[in-house]
Amino acid sequence: MTVDQGHASIDAVTILEHMGTAVLVFDDQYRLKSINQAGEAMLAHSARYLSGRDLAQVFVNAELVRFSLNSTLENEQTVSQHGCLLQLPDASDLRVNCTFTPIRDSAGETFVLLEMRQIDHHLRIEQEEGLIMQQQATHELLRGLAHEIKNPLGGLRGAAQLLERQIGEAGLREYTQIIISEADRLQSLMDRMLGPNNLPKIEPVNIHEVLEHVRDLVRVEAGEALHVYQDYDPSLPDIQADRDLLLQAILNIVRNAVQALEGRGEIILRTRVRRHFNIGSNKYRLVARIQIIDNGPGIPEELRKQIFYPMITGRSEGTGLGLSIAQALINRHRGLIECESQLGKTVFTLLLPLDEKHES
Ligand SMILES: Nc1ncnc2c1ncn2[C@@H]1O[C@H](COP(=O)(O)OP(=O)(O)OP(=O)(O)O)[C@@H](O)[C@H]1O
Ligand SMILES: [Mg+2]
């Protein structure tokens with residue numbers, strides 16, 4: 001089929017490749033015969049990798065799809081399913097509306113055309129955009145505030161030191177010592193709020209090396225009954241990033257998990273590559289997805305929507321800065337941190353673009 005547009009014409013394959021809907025074709029043996037670009041993006045694998053694979057290798061909960069494929073083939077009628085929750089082999093979920101249509105090729109063989117539209121896709125993009133903007137604004141406000149506090153604080157500390165030298169009486173020195181130590185405490189808090197002030201040192205970073213370093217650090221702190229497992233995708237390429245900033249961001253998240261588990265439980269460090277993936281409204285060809293998963297008590301319900309804001313803490317000795325700093329550091333790498341939490345499963349997902357170019 002071709003569509004005429006004045007002198008130019010667009011063939012059906014080009015149209016299929018540029019459609020926003022994922023289109024998959026299965027044969028009567030439930031093998032994937034063809035997939036378009038939107039399908040590759042949704043399933044996070046290339047057409048080359050997916051072609052010829054059995055349905056059970058494409059979806060973990062293949063039974064749901066197999067049932068509809070079967071009835072489409074048997075009755076030669078279109079079947080629609082709304083709100084299917086499909087699980088992918090990389091442990092991610094997709095909520096989609098599906099349409100199964102029987103088709104025949106010129107040799108008379110029957111296939112099933114599966115169209116899939118992701119339900120929460122646009123909602124997620126809008127939410128992410130809002131999140132990035134809000135958090136950047138809050139972070140800037142906080143940096144400004146920290147900067148303003150630092151100057152008078154230095155003066156205050158200096159004056160207390162001078163005063164201490166003038167006072168002979170040891171009993172009164174106790175008071176100047178309190179001023180000095182509290183000023184120091186505030187100073188280090190302000191330094192954390194300001195974050196690193198050097199320009200990021202961008203170089204190729206092996207994310208697995210960073211994760212292993214984090215693993216070594218927390219294993220020492222965590223003790224015997226807390227296990228940190230790796231589930232790495234070896235095909236993940238190096239990422240252009242500042243290693244120390246990335247390490248800091250991941251460590252803040254993993255430390256929270258360790259604290260939540262109180263010495264007992266498990267943490268999984270998982271990496272995957274996502275293809276044609278959105279971070280906010282920017283579309284990237286390749287994105288690194290790093291997940292930190294723990295089986296602890298979950299984030300308290302009343303905090304869930306706010307944990308990336310500064311000064312939000314559920315711990316008596318917490319400053320509530322760890323996650324807002326982590327988010328700011330990842331934002332500096334054009335990435336984003338998301339979180340989902342429930343009793344027994346908390347997942348922090350870091351999304352970092354792996355390529356420079358992005359399509360708008
Ligand atoms: N994996 C997790 N499980 C349960 N709760 C969590 C988890 N991660 C974060 N939280 C909650 O989110 C809050 C905010 O975390 P954040 O790292 O920003 O601050 P903090 O840990 O309280 O203090 P800081 O990191 O500055 O020392 C924590 O106090 C905790 O209540
Ligand atoms: Mg923390």
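Before going into details, it helps to say that this report is about the structure given with it. These figures come from a predicted structure and were not determined experimentally. (Residues numbered from 1 in each chain as written. Chains lettered and ligands numbered in written order. Predicted model: local features only at pLDDT ≥ 70, side-chain atom pairs only at ≥ 80, totals over all residues. Heavy atoms only, no water.)

Quick word on the site of ligand 1
Not every one of the 21 residues close to ligand 1 is listed here, only the nearest: Asn-256, Asp-294, Thr-313, Gly-314 and Thr-319. Side-chain polar atom of Arg-315 to an oxygen atom of ligand 1: 3.0 Å apart, as the coordinates give it. Within the side chain of Thr-319, a nitrogen or oxygen atom sits 2.4 Å from an oxygen atom of ligand 1. Out of a free accessible area of 600 Å², ligand 1 has 91% covered by protein chains. (Near = heavy atom within 4 Å. Polar contact = N/O pair within 3.5 Å; in protein donor to acceptor, adjacent residues only side chain to side chain. Areas by Shrake-Rupley, 256 points an atom, 1.4 Å probe, with all protein chains shown as cover.)

As for the packing of helix α8 (residues 207-222) against helix α9 (residues 243-261)
Orientation of α8 relative to α9, taken along the N-to-C sense of each, is 40 degrees, at an axis distance of 10 Å. Comparing the axis directions of α8 and α9 gives the class oblique. For the element pair α8 and α9, the recorded crossing hand is right-handed. Mapping the contact onto sequence places Ile-207, Glu-209, Val-210, Leu-211, His-213, Val-214, Leu-217, Val-218, Glu-221 and Ala-222 in α8 and Arg-243, Leu-246, Leu-247, Ile-250, Leu-251, Val-254, Arg-255 and Val-258 in α9. Among the residues forming the contact of α8 with α9, the class breakdown is 13 nonpolar, one polar and four charged. (Axes fitted to C-alpha atoms, helices over the stretch in contact; angles between N-to-C directions. Helix = DSSP H or I, 4+ residues; strand = E, 2+ residues; numbered from the N terminus. Parallel < 35°, antiparallel > 145°, perpendicular 65-115°, else oblique. Left-handed = near helix turned anticlockwise from the far one by under 90°. Contact = heavy atoms within 4.5 Å. Nonpolar A, V, L, I, M, F, W, Y, C, P; charged D, E, K, R; others polar.)

Re the sheet that holds strand β6 (residues 93-104)
With antiparallel pairing, five strands are arranged side by side in an open sheet as β4-β3-β7-β6-β5. Every interior strand has two partners, whereas the edge strands, β4 (32-35) and β5 (79-87), have only one. Shown here is a sheet whose adjacent strand axes are inclined to one another by a mean of 30 degrees, direction ignored. In this sheet, strand β7 (residues 110-118) lies alongside β6 in antiparallel orientation, the contact comprising nine bridges. Within the sheet, the bridge partner assigned to Asn-97 lies in β7 and is Arg-117. Across the sheet, helix α5 (residues 62-75) lies against β3 (22-27), β5, β6 and β7, angled at about 155 degrees from β5, the strand it touches most. (Pairing = 2+ DSSP bridges.)

Examining the environment of Arg-165
Tracing the chain through its elements places Arg-165 in helix α6 (residues 121-166). Taking the relative accessible area as the measure of exposure, Arg-165 reaches 65% and is therefore exposed. Considering only alpha carbons, one finds Arg-165 and Val-254, 89 residues apart in sequence, at a separation of 44 Å. (Buried < 20%, exposed > 50% of the residue type's maximum accessible area, 1.4 Å probe, protein only.)

Some details on the side chain of Asn-252
Counting through the fold element by element, Asn-252 comes out in helix α9. With a relative accessible area of 9%, Asn-252 lands in the buried category. Excluding anything up to four places from it in sequence, Asn-252 contacts Gly-322, Ile-325 and Ala-326.

As for unusual backbone geometry
Of all residues except glycine, most have a negative phi; of all peptide bonds, most are trans. Unlike most non-glycine residues, Tyr-30 shows phi in positive territory, near 65 degrees. Structurally, the position occupied by Tyr-30 is in the loop between β3 and β4. Note on Tyr-30: relative accessible area 15%, which makes it buried.

Some remarks on the packing of aromatic side chains
Evaluation of the coordinates by the stated rule reveals one aromatic pair. Look at Phe-308 and Phe-348: their rings are 6.3 Å apart centre to centre, the planes differ by 85 degrees, and that puts the pair in the edge-to-face class. With Phe-308 in the loop between β12 (282-294) and α10 (322-332) and Phe-348 in strand β14 (residues 345-353), the pair connects residues that are 40 residues apart, well separated along the chain. Assigned by exposure class, Phe-308 and Phe-348 land together as buried. One cation-aromatic arrangement involves Arg-53 over Tyr-49; the distance from NZ or CZ to the ring centre is 3.9 Å. A cation sits over an aromatic face here: Arg-66 above Tyr-30, 5.0 Å from the ring centre. (Phe/Tyr/Trp six-rings, centres within 6.5 Å; stacked < 30°, edge-to-face > 60°. Lys NZ or Arg CZ within 6 Å of the ring centre and 35° of its normal.)

Describing the nonpolar core
Core analysis: the largest hydrophobic core is formed by 49 residues, its most contacted members being Ile-250, Val-254, Ile-267, Ile-292 and Phe-348. Among the elements that line this core, the one with the most residues is α9, at 11 residues. When residues of this core are assigned to domains, at least three fall in each of domain 2 (124-194) and domain 3 (203-359). By size, the runner-up hydrophobic cluster in this structure holds 27 residues, among which are Ala-22, Ile-35, Leu-86 and Leu-94. (Core = buried A, V, L, I, M, F, W, Y, C linked by side-chain atoms within 4.5 Å. Domains from an automatic or database assignment.)

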